[in-house]
2 protein chains.
Amino acid sequence: MKMGEYTRMSGRLSDEIFFSLFAVLFLAFGYVMNQFIQKKKIHKETLPNEVQRIDQAKISELKISRREYQVLELIHLGHSNQEISKQLFISESTVKSHVSSLLQKLDAKRRTQAIKTAKELQIL
Amino acid sequence: MKMGEYTRMSGRLSDEIFFSLFAVLFLAFGYVMNQFIQKKKIHKETLPNEVQRIDQAKISELKISRREYQVLELIHLGHSNQEISKQLFISESTVKSHVSSLLQKLDAKRRTQAIKTAKELQIL
DNA sequence: CGATTATTGGTACTTTAGTCTCACTCGATT
DNA sequence: AATCGAGTGAGACTAAAGTACCAATAATCG
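As the structure is a prediction and not an experimental result, all values here were calculated from the model. Sequence positions are assigned chain by chain, starting from 1 and proceeding in written order. Each chain takes a letter, starting from A, and each ligand takes a number, starting from 1, following the order in which they are written. Residues qualify for local features only when their pLDDT is at least 70, as the model is predicted, and side-chain atom pairs are given and counted only at 80 or more; totals for whole chains, interfaces and linings, by contrast, use all residues. Values shown for side chains rest on all heavy atoms present in the structure; no hydrogens or waters enter the calculation.

Caption draft 1: Region of the structure containing the overall build of chain A. Runs of E in the DSSP output that reach at least two residues are strands. Runs of H or I that reach at least four are helices, and both are numbered from the N terminus. In terms of regular secondary structure, chain A is built from six helices and zero strands. When the helices and strands of chain A are listed from N to C terminus, the series reads α-α-α-α-α-α. Relative to its 124 residues, chain A shows a buried fraction of 34%. Contacts are residue-level and defined by heavy atoms, with any inter-residue pair within 4.5 Å sufficient. Within chain A, residue pairs in contact and separated by at least 24 positions form 53% of the contacts whose partners lie at least 6 positions apart. Three exposure classes are used, based on accessible area relative to the maximum for each residue type with a 1.4 Å probe and protein chains only: buried under 20%, partly exposed in between, and exposed over 50%.

Here it is as structure tokens:
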């Protein structure tokens with residue numbers, strides 16, 4: 001479509017009406033264009049800040065087992081090994097085993113550090 | 001300014017150029033218009049979800065001192081008492097003192113629980 | 001200035017946490 | 001059948017974490 005075509009349109013549409021139609025059209029286009037730009041921004045900036053769901057892929061990537069992850073969640077809630085053992089119906093020895101392997105897999109020295117790392121990896 | 005004025009413009013500007021100028025103008029207007037709408041949305045929806053700044057009032061309400069809070073922050077980063085003592089240039093005994101009073105003030109039994117509670121209270 | 005609070009630190013002690021090694025079971029895989 | 005990973009757990013430690021009590025000094029406030 002070329003500019004100036006409006007002169008070749010049917011006589012029923014006056015220049016003014018046709019012109020305003022184009023104006024509205026571009027107005028809408030500018031609006032939609034901005035929508036796309038905004039969505040891009042949301043995907044690259046806003047989403048990582050607000051949504052942050054758990055990265056299931058990274059969990060298996062680190063070879064964290066189902067049981068280990070449950071322990072990690074309870075650590076995150078501030079529970080002691082003894083409390084965790086009661087909630088999972090296992091001995092405290094077993095909890096310690098899980099915690100130890102968790103710390104290795106998360107490359108942490110303490111459980112508090114494990115929590116921090118796990119959040120950074122979006123595992124928690 | 002009325003529609004159709006372009007016919008009365010100087011001959012140097014062809015209809016096409018003038019028309020496209022208007023098109024760009026409306027395009028820009030549509031863009032800016034959307035910008036305002038987006039900013040409104042951000043102010044009414046996004047901000048309350050993402051900001052969640054630290055509640056300074058609650059900190060003094062719980063009578064958490066400046067030093068205690070610094071310790072809390074370092075605990076949050078996963079540091080040990082020894083590491084904290086080195087970073088704050090104080091003895092580990094002092095760190096333990098701060099941690100103990102912190103746990104009391106936050107009504108926590110462990111430092112991991114203190115982290116959780118502090119976040120719930122929007123102190124961290 | 002006197003009172004209060006914050007900060008610091010020590011000692012002694014108890015409790016959690018964490019490591020290391022070994023071992024048994026169970027289910028899935030090869 | 002043999003292997004492997006996951007889950008379980010014991011024992012003996014070492015290392016952190018946390019409590020209780022006490023006390024000195026600095027800073028702040030009325």
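There's plenty left to go through after this.
Caption draft 2: Representation of the packing of helix 6 (residues 111-120) of chain A against helix 6 (residues 111-120) of chain B in the model. The contact between helix 6 of chain A and helix 6 of chain B brings their axes to 9 Å, and the two run at 40 degrees. Looking at the two axes, helix 6 of chain A sits oblique to helix 6 of chain B. The crossing of helix 6 of chain A and helix 6 of chain B is right-handed. Across the interface between the two elements, A:Arg111, A:Thr112, A:Ile115 and A:Lys119 of helix 6 of chain A pack against B:Arg111, B:Thr112, B:Ile115 and B:Lys119 of helix 6 of chain B. When residues are grouped by polarity, Ala, Val, Leu, Ile, Met, Phe, Trp, Tyr, Cys and Pro land in nonpolar, Asp, Glu, Lys and Arg in charged, and all others, Gly among them, in polar. Among the residues making up the contact of helix 6 of chain A with helix 6 of chain B, the classes are represented as two nonpolar, two polar and four charged. Only the contacting stretch of a helix is used when fitting its axis, a line to C-alpha atoms as for every element, and angles between N-to-C directions run 0 to 180 degrees. Under this scheme an angle from 65 to 115 degrees is roughly perpendicular, one under 35 degrees roughly parallel, and one over 145 degrees roughly antiparallel; angles in between are oblique. Should the near helix be turned anticlockwise from the far one by less than a right angle, the crossing is left-handed, and should it be turned clockwise, the crossing is right-handed.

Caption draft 3: Representation of the protein's contact with DNA strand D within the structure. By convention in this text, a residue qualifies as near a molecule or strand provided that one of its non-hydrogen atoms is within 4 Å of it. Taken together, 18 residues lie around DNA strand D, and A:Ser65, A:Arg66, A:Ser91, B:Ser100 and B:Arg111 are the ones closest in. Counted by atom, the contact set of DNA strand D within 4 Å of the protein is 71% sugar and phosphate. As used in this structure description, the phrase polar contact means that two N or O atoms lie within 3.5 Å; if the pair is within protein, one of them must be able to donate a hydrogen and the other to accept it, and residues adjacent in sequence are counted only when both atoms belong to side chains. Residue B:Asn81 places a main-chain N or O atom 2.9 Å away from a phosphate oxygen belonging to DNA strand D. Of all the elements in the fold, those that place two or more residues in the surface near DNA strand D are helix 3 (66-76) and helix 5 (92-105) of chain A together with helix 5 (92-105) of chain B.

Caption draft 4: Region of interest: the protein's contact with DNA strand C. Close to DNA strand C lie 18 residues, the nearest being A:Lys96, A:Ser100, B:Ser65, B:Arg66 and B:Ser91. Here, DNA strand C places atoms within 4 Å of the protein, and 71% of those atoms are sugar or phosphate. Here a base oxygen of DNA strand C sits 2.7 Å away from a polar atom, N or O, in the side chain of A:Lys96. Residue B:Thr94 places a side-chain N or O atom 3.1 Å away from a phosphate oxygen belonging to DNA strand C. At the level of elements, helix 5 of chain A together with helix 3 (66-76) and helix 5 of chain B are the ones that each hand at least two residues to the surface near DNA strand C.

Caption draft 5: Molecular detail of helix 6 of chain A. For helix 6 of chain A, the complete set of buried residues consists of A:Arg111, A:Thr112, A:Ala114, A:Ile115, A:Thr117 and A:Ala118. Positive phi shows up at A:Gln122, right after helix 6 of chain A, with a value of about 60 degrees.

Caption draft 6: Representation of the environment of B:Leu88 in the model. Residue and element names in this part refer to chain B. In this fold, Leu-88 is placed in helix 4 (residues 81-88). It is 9.1 Å that separates the C-alpha atoms of Leu-88 and Arg-67, two residues lying 21 residues apart in sequence. Excluding residues that lie within four positions of it along the chain, Leu-88 makes contacts with Arg-67, Gln-70, Val-71 and Leu-74.

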